[in-house]
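Breakdown of the fold
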Amino acid sequence: MNDAKSSMILIGIGGAGSAAARGVSRAFGPGLRYVLADTDAATGAEGEPFVLLGGDRLAGRGSGGDIPMARLAAEDSRDAIDETLDGARLAVVVACLGGGTGTGATLAVARHLRERGIPSIVFATIPFEFEGAGRRQNATGIMSSIATEASSSIFLPLDRLVAGEDNMESAMKRAVDTLASGITLFWRMVERPGYIRLDPERVRRIVANAEGGRFAVATAQGPDRAAEVVDALSRSPLLAAGNTPARSILCGILAGEDLRLSEVGRVAEGVKAAFGRSANFDLATVNDEATFSGRLSVVVFLFESGIRKDDDVSGGSADAPRLRRQRRPRNPLAQGPQGRGRFNNVEPTINDSGVDLDTPTYLRQGVTLDA
Ligand SMILES: Nc1nc2c(ncn2[C@@H]2O[C@H](COP(=O)(O)OP(=O)(O)OP(=O)(O)O)[C@@H](O)[C@H]2O)c(=O)[nH]1
Ligand SMILES: [Mg+2]
């Protein structure tokens, strides 16, 4: 169900991106404003808010993995997308990179949101290793373009999202569940908080001024649950990013009514100690007595750039010119310094289809070289 009053909208793109957005909507319950967008007419269930991308171009049959086609389809459908954006002040986009629509349409939608002056945070997964080099190259070839268009972007390698999972089917399912639970928590921190809430305008400013992002969720129960959660988060591969310090930290605590004040303090202290005391730190709590009695779940979002601790965040909103500033595209999978010597921090060459031409041709075309 859509809540016209909400200024945050969730946009699920492509088959798997739409499944993740639907998962968030189900977990949140009524009131979450969302829309699904796909080139495949079968994605939208009856009664669901759904935009069919590229109706004339693709006739609802999906893009069949064609990234440039999916991107054109999304551009064709800008008016239909616009109809869903009325009054939106922050867009959360979720997509799974690798196929045609989740990859190509996501870039087009992120660009469209930027042109409309709506800050966006894109959650995008990178295919599993077992999906093969082609799909992974589709994803890695477009990441820096998406990072440039979106206000902030969080790229989640599926392998890291479910590290340690061996069974393929449960890994697939758990990956989407983890992604959906992180976004659900984000939503609840803003729109259905417990004792401490995040101000939606402040979140909007953080996202609008951020660059790279990371997120992870950890859950524990028992007397030491706060310390265990902090320990798990500080070791999470999803939050590790070489030497890139976090500039903004959003921390959400989900618990039942047994949440103790000392636990809130311990989590806040532990997260600050793990991810940087000089970063801007925002905390929210979310109550969930029905499912969370005894359990404590903490989500941490790290943004590599954002409003500084001493910035004035009291008034105003992110302005469109700021959204249009040039960003330095980055390789979100990189764990350390990017590039060396004269290639350090060099802008990649991206063609009109979003393909990174600095990637060697043999890699882009999936040619195997003899050793
Ligand atoms: N975890 C998980 N990931 C999935 C699942 N299905 C697809 N994916 C991931 O999502 C990526 C994109 O697949 P789809 O969403 O099917 O593709 P699409 O965006 O609809 O693109 P086209 O159908 O080619 O237009 C895949 O490469 C996988 O990494 C799933 O059931 N679970
Ligand atoms: Mg599809």
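What comes next concerns the included structure.

Parameters at a glance
- Residues numbered from 1 in each chain as written.
- Chains lettered and ligands numbered in written order.
- Predicted model: local features only at pLDDT ≥ 70, side-chain atom pairs only at ≥ 80, totals over all residues.
- Heavy atoms only, no water.
- Buried < 20%, exposed > 50% of the residue type's maximum accessible area, 1.4 Å probe, protein only.
- Helix = DSSP H or I, 4+ residues; strand = E, 2+ residues; numbered from the N terminus.
- Arc of directions from axis to C-beta.
- Contact = heavy atoms within 4.5 Å.
- Near = heavy atom within 4 Å.
- Polar contact = N/O pair within 3.5 Å; in protein donor to acceptor, adjacent residues only side chain to side chain.
- Areas by Shrake-Rupley, 256 points an atom, 1.4 Å probe, with all protein chains shown as cover.
- Nonpolar A, V, L, I, M, F, W, Y, C, P; charged D, E, K, R; others polar.
- Salt bridge = Lys/Arg side-chain N within 4 Å of Asp/Glu carboxyl O.
- Pairing = 2+ DSSP bridges.
- Axes fitted to C-alpha atoms, helices over the stretch in contact; angles between N-to-C directions.
- Patch = residues over 30% accessible without salt bridge, like charges linked within 9 Å, V, L, I, M, F, W, Y side chains within 5 Å.
- Parallel < 35°, antiparallel > 145°, perpendicular 65-115°, else oblique.
- Left-handed = near helix turned anticlockwise from the far one by under 90°.

**Considering helix α10 (residues 225-234)**
Helical geometry: 3.6 residues make up each α-helical turn, so side chains three or four residues apart lie on a common side. Those residues of α10 not exposed but buried are R225, A226, V229, V230 and L233. Projected down its long axis, α10 carries its buried residues within an arc of 135°, all on one side. Against the buried residues of α10 lie β7 (212-221), α11 (261-275) and β10 (295-303).

**Some words on the site of ligand 1**
Residues in contact with ligand 1 amount to 20 residues; listed here are only the nearest, S63, T101, G102, E131 and R135. Within the side chain of S63, an N or O atom sits 2.6 Å from an oxygen atom of ligand 1. A distance of 2.6 Å is found between an oxygen atom of ligand 1 and a side-chain nitrogen or oxygen belonging to E131. Expressed as a share of its isolated accessible area of 640 Å², the protein-covered part of ligand 1 is 77%. Partitioning the shell around ligand 1 into residue classes produces eight nonpolar, 10 polar and two charged.

**Things to note about unusual backbone geometry**
Of note in this structure, A59 is not a glycine but carries a positive phi near 55°. Within the element layout of this structure, A59 appears in the loop between α2 (55-58) and α3 (67-76).

**Points about the pattern of salt bridges**
For side chains bearing opposite charge, pairing can occur when the charged atoms are close. All told, the structure shown has 17 salt bridges when counted by the stated rule. With a shortest N-O distance of 3.4 Å, R260 and E263 are connected by a salt bridge. Taken together, the shared-partner salt bridges in this structure form one network comprising R225, D258, R260 and E263.

**Some thoughts on the sheet that holds strand β8 (residues 248-255)**
Read across the sheet, 10 strands follow the order β3-β2-β1-β4-β5-β6-β7-β10-β8-β9 without closing on themselves; strand pairing throughout is mixed. Each edge of the open sheet is held by one strand with a lone partner, namely β3 (50-52) and β9 (280-287). For this sheet the average axis-to-axis angle between neighbouring strands, irrespective of direction, equals 20°. For β7 and β10, the ladder comprises nine bridges, and the chain directions are antiparallel.

**Looking at a nonpolar patch on the surface**
A surface patch of nonpolar side chains, about 300 Å² in accessible area, is lined by F130, M168 and M172. Within the secondary structure, F130 is located in the loop between β5 (120-126) and α6 (133-149). Since its relative accessible area comes to 43%, F130 is described here as partly exposed.

**Topic: the packing of α10 against α11**
Two numbers describe how α10 lies on α11: the axes approach to 9 Å, and their chain directions differ by 20°. Between α10 and α11, the interaxial angle falls into the category roughly parallel. The element α10 and its partner α11 pack so that their crossing is right-handed. Facing R225, A226, A227, V230, L233 and S234 of α10, the residues of α11 in contact are E263, R266, V267, G270, V271, A274 and F275. A breakdown of the residues in the contact of α10 with α11 according to their chemical character gives eight nonpolar, two polar and three charged.

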